[in-house]
Every structure is written in C-alpha cells, then in structure tokens.
Amino acid sequence: MTIMVFGADGYIGWPLSVRLAKELNEEIIGIDNLITRKLVEEVGGTSALPILTPEERVKAYEKTYGKSNLKFIIGDLTDYEFVDKLIEKYKPHTVYHLAQQRSAPYSMIDVYHAAYTQVNNVLTNLNLIFAIKKHSPKTHIIKMGTMGEYGTPSYRIEEGWMNVQYKGKKYRIMIPRDPGSWYHVSKVFDTYNIIFANKIWGIRATDVQQGVVYGSRTDDLVNNELNTRLDFDGVWGTVINKYFAQIIAFNKILIYGTGLMKRSFLSLQDSIDCLFLLGQKPADEGEYRVVNQMEEIYSTIELAKKAKKIVSKYGFDPEFVRIPDPRVEKQRHKYSVSHRTLKKLGFKPKYSMDQVMEVIFNDLLSNQEIVKAHADAIWPRVYWDKLNEENKQVYLNAINKNLVSRSKSYINNT
Ligand SMILES: NC(=O)c1ccc[n+]([C@@H]2O[C@H](COP(=O)([O-])OP(=O)(O)OC[C@H]3O[C@@H](n4cnc5c(N)ncnc54)[C@H](O)[C@@H]3O)[C@@H](O)[C@H]2O)c1
C-alpha cells in the first residue's frame, strides 16, 4: 500500500510525510524538485530553521523512528512522462498534492514570475489528474487549495457550494471565486480542473481550502534534524513570521494599509492533523469533496498586537509603523467562513495561537543571526499595482539564469 506526497520537501509536505510514515505501516513516497529552496534564495531569503537535504531528512526520520518506509524521489512534476511513470509504478491509493509555487508576492513580481507560477501550478495538477485517470482511477487525490481562492466576499464562505435565491427561484451554485494574486488565480484554475475531471471521469478528490498556516513545529518533528522550513522574508514569509522577523531585525512591526484586512488562520499542527484525517476518511469513489479549514480569523493589526504582547516578555518593545499596502485588497470587509466538514469527521484543533506564536518567536530568536543576515529581504518589495520595474536589478540575475528560459520553454511545450 502506497501513499504519495507531492511537494514533500516543503513547509507542510515534510511534516506531513513524517506523520504519515511514522503513524502508518505503509510505503510513503515523497516527490519534490526542491524548487522552493532556490526561489526563496532568489529573493534574498532563506529558512530561519536550518533544514537538511532530502537524503539526510530521510535518514533522520529512520534514526528517530526506527522505520524505513519513507522514500524520497527528486523530480519535476510538470514533466508528464515522469508523473505518468510514477503513478504507473506505485499505483498509490492516496496522493497528497502540495507541489506548487505558493507565494502570492512571488507571483506578482513580473510577467515571468506570474507565468512560472501559473504554468507550474496548473501543470503539476493536470499531470496528476491525467496519470491517475490512466493508471489508478480510484486513487484519492487530496489537493491543497487555499482560502485565498474565495477572496473576502460579503457573504458567508460555504464549503464549495451555496444556496442562493435569484428572481424568486432557489439555486445551489458553486461559491464564486475572487482570487487576490496571480498565484491565487492558479489555484482557482486547479479547482476547476479537478471539478471538471470529476465530472467527466469521476476522479475522486478532496479539495482542501486552508487558511494561512502558521507554526514552526509539529509533535512529530521531535529533533532539529527533522526541522521543516521557516520562511520570514517579505516574499515567502507569512504575516506572523514576518512580524517577528521585523521585530528581531528592526524592532518594528510594519502594518500594511489600515491593518483591518482579515484572514483565516490555522496552525501547522492542525494542517497536518487535518490532512492525515482526510486520508484516513477519504472521499467516496467518484466524489469531489470540499473542505474549508481555518480555526481563527484575525485582522493584521490584531496579529501585530498579539506579536507585540508576546515579545514584550522577552524585553522587546517594537514600534508599529504604518506603510501603504503593497497589495491591492479590500481594506475593510466582512469575513465569515463555514468549516463544518472537518468537525463532522472528528477533527479538533490542538494548540492555541498564542502558544504557537511564542514557539515561532523563539525559533526565530534562537536563529537571529540568520534573520539579521537576511534583513534586506524582510521589507516588502513587490507591489500589486506596479510592474515592479524597480525590482529589476534585485531579481535580474536569477531571472536571466532561470526563470525566463524556463518559463518560455514550459510555455512552448504546452
Ligand atoms: N503555507 C501556507 O500558509 C498555505 C496555506 C494554504 C494553502 N497552502 C498550499 O499548500 C501547499 C504547500 O504549501 P507549502 O507552504 O508547504 O509550500 P512550499 O513551497 O514550502 O512547498 C511546496 C513544495 O512543492 C515543491 N514543488 C513546487 N513545484 C514543484 C514541481 N513542479 N515539481 C516538484 N515539486 C515541486 C517545492 O519545491 C516545495 O518543496 C501549496 O499548494 C500551497 O498553495 C499553503
């Protein structure tokens, strides 16, 4: 019995792979092309928690848990032949698909980064769907989407579908999507591609729409050799990590715009627990299931206040600095999310946000040399309403070396 994790070297994919391998007596195959490591470096960032190579990670898992059921294959999932052979060989009963470019700011840098993001994300997903149809049509695909696909509408965000009344008649319609970046648009493409594959081929899938995931540890990552990545730069870091990095590097917290923009959040532990549970309680054959996962909703200014309170215990007294919002987004809005399915399946969140935030801060503080050495990358440099020409110099080398040629060749091949 085999389970595959696409994106097994990533922030979520690595702790998920460890959890699956540790808990189940099945073969867990992780696949990754290690691209996140390179793209974070491209913008001057790095993981605050040092991470091992995939080979070393697998050895660390074996040493820690005394099992040898975790394997790692390096490869690019945009290559259909590669995906076809993988699925044909292993015929996994479950594939977790997390192998995507996941940074909204990265996708907004310029046309090459937008194209790379969309081509990479749409192709990895499409390749998986076709290979599953061909070699293993009953496989359960657990596809990682994002709450960001829905945007911040004034109505309650139901799980997948909603009941509406129009001209006196009642309808059940798919929740409209309102993505907020080229990255989020790529995730919406994926959603439609999976729904379409389900409609024509009965592909069995769970579409997991998770909020922003925060946290640096899970219960299974019991020593530093098992670390997962922890990004804190302005492009790859999520809001909580960025606040703590700003405090450590500049004793400031940068508040974008009004600071009243709300988002949904869940811890890394909860993300892994949810993904594990969804594998154990799969969608039915032929079913397309949508699961919203978030535990708390906060505005960015509420999070900044939480961060300030936590660091005050460590003698920090950061200044709030308001800056124009680099993103184009609603500055004041309602935000309400339905997330019943996981509860029905027995899911319970584990730690409070304050507990987890303190652990993140401690992880960043004990690696403060790394954070300070990458201080330039912490400031926001990507603007939604500009073509970011002023960033050209910053990104030029990397773009010339990798992305232009790669994006072009990908586009030519599709
Ligand atoms: N981190 C979050 O807050 C969050 C929230 C909601 C949804 N998600 C989604 O969860 C998934 C995983 O996110 P993450 O934070 O772990 O990101 P990550 O970048 O750390 O992990 C993604 C992994 O996929 C790999 N990858 C990308 N393209 C690939 C390709 N073509 N072939 C092989 N491997 C490839 C990367 O190298 C990386 O290791 C993504 O789909 C993301 O959109 C993340």
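Caption draft 1: Structural detail: the site of the ligand. Around the ligand sit 30 residues in total, of which Asp 32, Thr 36, Asn 120, Tyr 183 and Lys 187 are the nearest. Asp 32 has a polar side-chain atom sitting 2.6 Å from an oxygen atom of the ligand. Asp 76 places a side-chain nitrogen or oxygen 2.9 Å from a nitrogen atom of the ligand. Contact with the protein chains covers 97% of the free accessible surface of the ligand, which is 820 Å². Going through the elements one at a time, helix H2 (35-42), helix H6 (111-135), strand E5 (140-146), helix H7 (182-201) and strand E9 (212-214) are the ones with two or more residues in the shell around the ligand. If you tally residues by element for the shell around the ligand, the top one is E5, at 3 residues.

Caption draft 2: Structural context of the packing of helix H1 (residues 13-23) against helix H3 (residues 54-65). At a closest axis distance of 11 Å, the pairing of H1 and H3 adopts a crossing angle of 35 degrees. Our pair here, H1 against H3, has a crossing hand that is right-handed. Residues Trp 14, Val 18, Ala 21 and Lys 22 of H1 pack against Arg 57, Val 58, Tyr 61 and Tyr 65 of H3. Partitioned by chemical class, the residues of the contact of H1 with H3 number 6 nonpolar, no polar and 2 charged.

Caption draft 3: Broad picture of the pairing of strand E10 (residues 252-256). With 4 of 5 residues buried, E10 is to be regarded as a mostly interior element. Sheet topology places E10 next to strand E14 (residues 319-323); 5 bridges connect them, and they run parallel. Across the sheet, Ile 255 pairs through a bridge with Arg 322, a residue of E14.

Caption draft 4: Quick look at unusual backbone geometry. Of note, the phi angle at Leu 34 is positive, near 65 degrees, even though the residue is not glycine. Within the element layout of this structure, Leu 34 appears in the loop between strand E2 (27-32) and H2. The backbone phi angle of Asn 251 is positive, close to 55 degrees, even though this residue is not glycine. You can call Asn 251 partly exposed: its relative accessible area is 34%.

Caption draft 5: Inspection of empty space enclosed by the protein at higher detail. Counting across every chain of the model gives 2 cavities of 30 Å³ or more. Taken as a whole, the second largest cavity holds about 30 Å³ of empty space. Lining the second largest cavity are Asn 292, Gln 293, Met 294, Glu 295, His 339, Leu 342, Lys 343 and Phe 347. When contributions to the lining of the second largest cavity are tallied by element, the ones reaching two or more residues are strand E12 (288-293) and helix H11 (340-344).

Caption draft 6: Layout of the nonpolar core. Counting 38 residues, the largest nonpolar core has Ile 12, Leu 20, Tyr 96 and Leu 275 as the members making the most contacts within it. Taken together, the elements giving at least two residues each to this core come down to strand E1 (2-6), H1, H3, strand E3 (70-74), E5 and helix H9 (268-280). Considering every element that reaches this core, the biggest residue donor is H9, with 7 residues. Non-local contacts of Ile 12, meaning those with residues more than four positions away in its chain, are made with Leu 98, Met 144, Gln 210, Val 213, Leu 268, Ser 271, Ile 272 and Leu 275.

Caption draft 7: Representation of the pattern of salt bridges within the structure. For the coordinates displayed, the defined rule picks out 21 salt bridges. A salt bridge links Arg 217 to Asp 363; its shortest N-O distance comes to 2.8 Å. Residue Arg 217 is located in the loop between E9 and helix H8 (239-250), and its partner Asp 363 is located in helix H12 (residues 353-366); the two are separated by 146 residues in the primary sequence. One network of salt bridges, with partners in common, ties together Asp 9, Arg 37 and Arg 57.

Caption draft 8: Region of the structure containing the sheet that holds E9. Spatial ordering of the open sheet is given by E9-E11-E13, a layout of 3 strands whose pairing is mixed. Every other strand in the sheet has two partners, leaving E9 and strand E13 (296-299) as the edge strands with one partner each. Here the average twist between neighbouring strands, direction ignored, is 45 degrees. Strand direction decides the pairing type here: strand E11 (residues 262-267) and E13, joined by 4 bridges, are antiparallel. In the sheet register, Ser 264 faces E13, and the bridge partner there is Ile 297. Its contacts with the sheet place helix H10 (residues 300-312) against E11 and E13, and it is angled at close to 90 degrees to E13.

Caption draft 9: Region of interest: the pairing of strand E6 (residues 161-166). Of the strand pairs in this sheet, E6 and strand E7 (residues 169-174) are connected by 6 bridges, and their pairing is antiparallel. Its bridge partner being in E7, Gln 165 is matched across the sheet by Lys 170. In sequence, E6 turns back onto E7 through a hairpin of 2 residues, with Lys 167 there showing a positive phi of about 50 degrees.

Caption draft 10: Quick peek at H6. Here H6 contains 25 residues, and its C-alpha end-to-end distance of 36 Å stays within 8% of the 36 Å for a straight helix at 1.5 Å per residue. For H6, the tally of buried residues reaches 18 of 25 residues, placing the bulk of the element in the interior. Two or three places before Tyr 112, at the start of H6, stands the capping residue Asp 110, its side-chain oxygen 3.1 Å from that residue's backbone nitrogen.

Reading the values: the criteria
- Residues numbered from 1 in each chain as written.
- Predicted model: local features only at pLDDT ≥ 70, side-chain atom pairs only at ≥ 80, totals over all residues.
- Heavy atoms only, no water.
- Near = heavy atom within 4 Å.
- Polar contact = N/O pair within 3.5 Å; in protein donor to acceptor, adjacent residues only side chain to side chain.
- Areas by Shrake-Rupley, 256 points an atom, 1.4 Å probe, with all protein chains shown as cover.
- Helix = DSSP H or I, 4+ residues; strand = E, 2+ residues; numbered from the N terminus.
- Axes fitted to C-alpha atoms, helices over the stretch in contact; angles between N-to-C directions.
- Left-handed = near helix turned anticlockwise from the far one by under 90°.
- Contact = heavy atoms within 4.5 Å.
- Nonpolar A, V, L, I, M, F, W, Y, C, P; charged D, E, K, R; others polar.
- Buried < 20%, exposed > 50% of the residue type's maximum accessible area, 1.4 Å probe, protein only.
- Pairing = 2+ DSSP bridges.
- 1 Å grid on protein atoms, 1.4 Å probe; cavity = no way out; pocket = protein on both sides within 12 Å on 5 of 7 lines; lining within 4 Å.
- Points joined across faces, edges and corners; volume = space filled by probe spheres on them.
- Core = buried A, V, L, I, M, F, W, Y, C linked by side-chain atoms within 4.5 Å.
- Salt bridge = Lys/Arg side-chain N within 4 Å of Asp/Glu carboxyl O.
- Expected span 1.5 Å × (residues − 1).

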